[in-house]
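Each chain, letter by letter, is given below.
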Amino acid sequence: MRERDMKPATIAARGAGATDKATAGLVPGIHPATTFLRDPEYALLNAANSYARDHNDTVRASEDVLRQLEGAADTLLFPSGMAAAASVLRTVRDGGRIVLQSGIYHGVTTFAEAFAARRGIALDRIDASDPEVLTQVCATPADLVWIEVPSNPWLKITDIAQAAALAHGAGAKLVVDGTAASPVLTQALAFGADISMHSTTKAINGHSDVVGGVLSCRDAENDLWADIKTDRLQAGAIMGPFEAWLTLRGMRTLPLRMERMSANAQALAEFLDAHAAVEQVLYPGLSDHPGHALAKRQMCGGFGYLMSFIVKGGADAALAVAGRLKLIHRATSLGGVESLIEHRPTIEPQSGLPGGMLRFSVGIEDVEDLKGDLAQALEG
Ligand SMILES: *Cc1c(COP(=O)(O)O)cnc(C)c1O
């Protein structure tokens, strides 16, 4: 069977076919060696490996699963989502221009702002989910357009194909942070994105025990991808073999987890939407969400595991609800098998989020147990 004919569940369950060549083990090994042997003629015994900053078979095995899930030409793992994001943003030359979606993951915004200020780069922060705004901002040439779909914590949905056309019209490359969708629910490259970025810390690894990030490209034969590869090698932003191996293990169940997490999230979004103590639920799976029809076209197999909801009564009421949870953990991050709730306004007060906003990452627990916990917390 050809690689491109395989469905995500097959690619993931088989670890993209990786096995341990040395022992015939079904599962690939963890390769900790930092350096590799040469023969008496001084040729490398394995031409692919000389030094582990960039040469590691465990990392490559993990990258291969992601490359196949993304339908990508090439894929590179990084030691965190931010290391992956920084590697892309750093390709923009002094005096260049970056268009950045507003209201996205605050770490990306903070890095882009500081980097752009240091290098005399113009930075336009705009609501990219509004096609008119994006059209207007792309009337001026740019180097990079950065969108996050769905966005965190607002769950806005941007039309990736349209954003790609507009970015390309401005001479820019389109980068999509798809962390809240995972490559299983959205293949950004198939919609015309040039780079797909994910924090693998979230759903891709999925077990809240590895920090990592990934970049995949639609076309590897260009300056942008060459710059990114050089940046990773030279700056040494390398994922360790143990982390790559854990990610490889975690990904075997990624499609299965996304299925359950999306189904749980849909049911809980509907429950919260009907609850008297809740003012608003932001989840693309709800039919009255402004991005619902678009998300239906762009997402395959569900609307994801992430939502935000706004509790009536502001910050005090929201914190009281969070404080009463017994099953759902109060913690930052998202995409793990266990459900997490976070009061984002406490964490990023500079972003002007509504005080009553709680971000909810839905796990794989029994949905009735989760519903019961939310119900008792909301009713006080
Ligand atoms: C967590 C996250 C990141 C950053 O990833 P790290 O692995 O924490 O460095 C970037 N984008 C989004 C949408 C995220 O949720």
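Residues numbered from 1 in each chain as written. Predicted model: local features only at pLDDT ≥ 70, side-chain atom pairs only at ≥ 80, totals over all residues. Heavy atoms only, no water.

An unreviewed UniProt entry lists the chain under the name PLP-dependent transferase, with Roseovarius phycicola given as the organism. Per UniProt, the chain carries the Sequence similarities (unreviewed entry) text "Belongs to the trans-sulfuration enzymes family." We quote the UniProt Cofactor (unreviewed entry) comment for the chain here in full: "pyridoxal 5'-phosphate". (UniProt positions renumbered as here; feature names shortened; annotations may be inferred.)

Caption draft 1: Broad picture of the domain arrangement of the chain. The domains assigned to the chain are domain 1 (3-251) and domain 2 (255-379). Between the C-alpha centres of domain 1 and domain 2 the distance comes to 26 Å. Across the boundary between the two partners, domain 1 contributes 33 residues, which contact 35 residues of domain 2. Both sides of the domain 1 and domain 2 interface together cover about 2,600 Å² of buried area, and 62% of this is carbon and sulfur. Viewed at the interface, domain 2 and domain 1 are joined by zero salt bridges. The tally of links from domain 1 across to domain 2 stands at 15 residue pairs in polar contact (both at pLDDT 80 or more). Of all the secondary-structure elements, those providing two or more residues to the side of domain 1 that touches domain 2 are helix H1 (8-13), helix H6 (160-169), helix H7 (182-185) and helix H9 (241-251). (Domains from an automatic or database assignment. Contact = heavy atoms within 4.5 Å. Buried area = accessible area lost by both parts, 1.4 Å probe. Salt bridge = Lys/Arg side-chain N within 4 Å of Asp/Glu carboxyl O. Polar contact = N/O pair within 3.5 Å; in protein donor to acceptor, adjacent residues only side chain to side chain. Helix = DSSP H or I, 4+ residues; strand = E, 2+ residues; numbered from the N terminus.)

Caption draft 2: View of the pattern of salt bridges. Overall, the coordinates contain 16 salt bridges when judged by the stated rule. Across the pair aspartate 94 and arginine 119 runs a salt bridge, and its minimum N-O distance is 2.8 Å. In this pair, aspartate 94 is assigned in the loop between helix H3 (81-89) and strand E2 (97-101) and arginine 119 in helix H4 (residues 106-119), connecting sequence segments 25 residues apart. Taking the relative accessible area as the measure of exposure, arginine 119 reaches 36% and is therefore partly exposed. The shortest N-O distance in the salt bridge between glutamate 113 and arginine 125 comes to 3.1 Å. In this pair, glutamate 113 is assigned in helix H4 and arginine 125 in strand E3 (residues 122-126), connecting sequence segments 12 residues apart. On the accessibility criterion, glutamate 113 (35% relative accessible area) is partly exposed. According to the relative accessible area criterion, arginine 125 is partly exposed, its value standing at 40%. (Buried < 20%, exposed > 50% of the residue type's maximum accessible area, 1.4 Å probe, protein only.)

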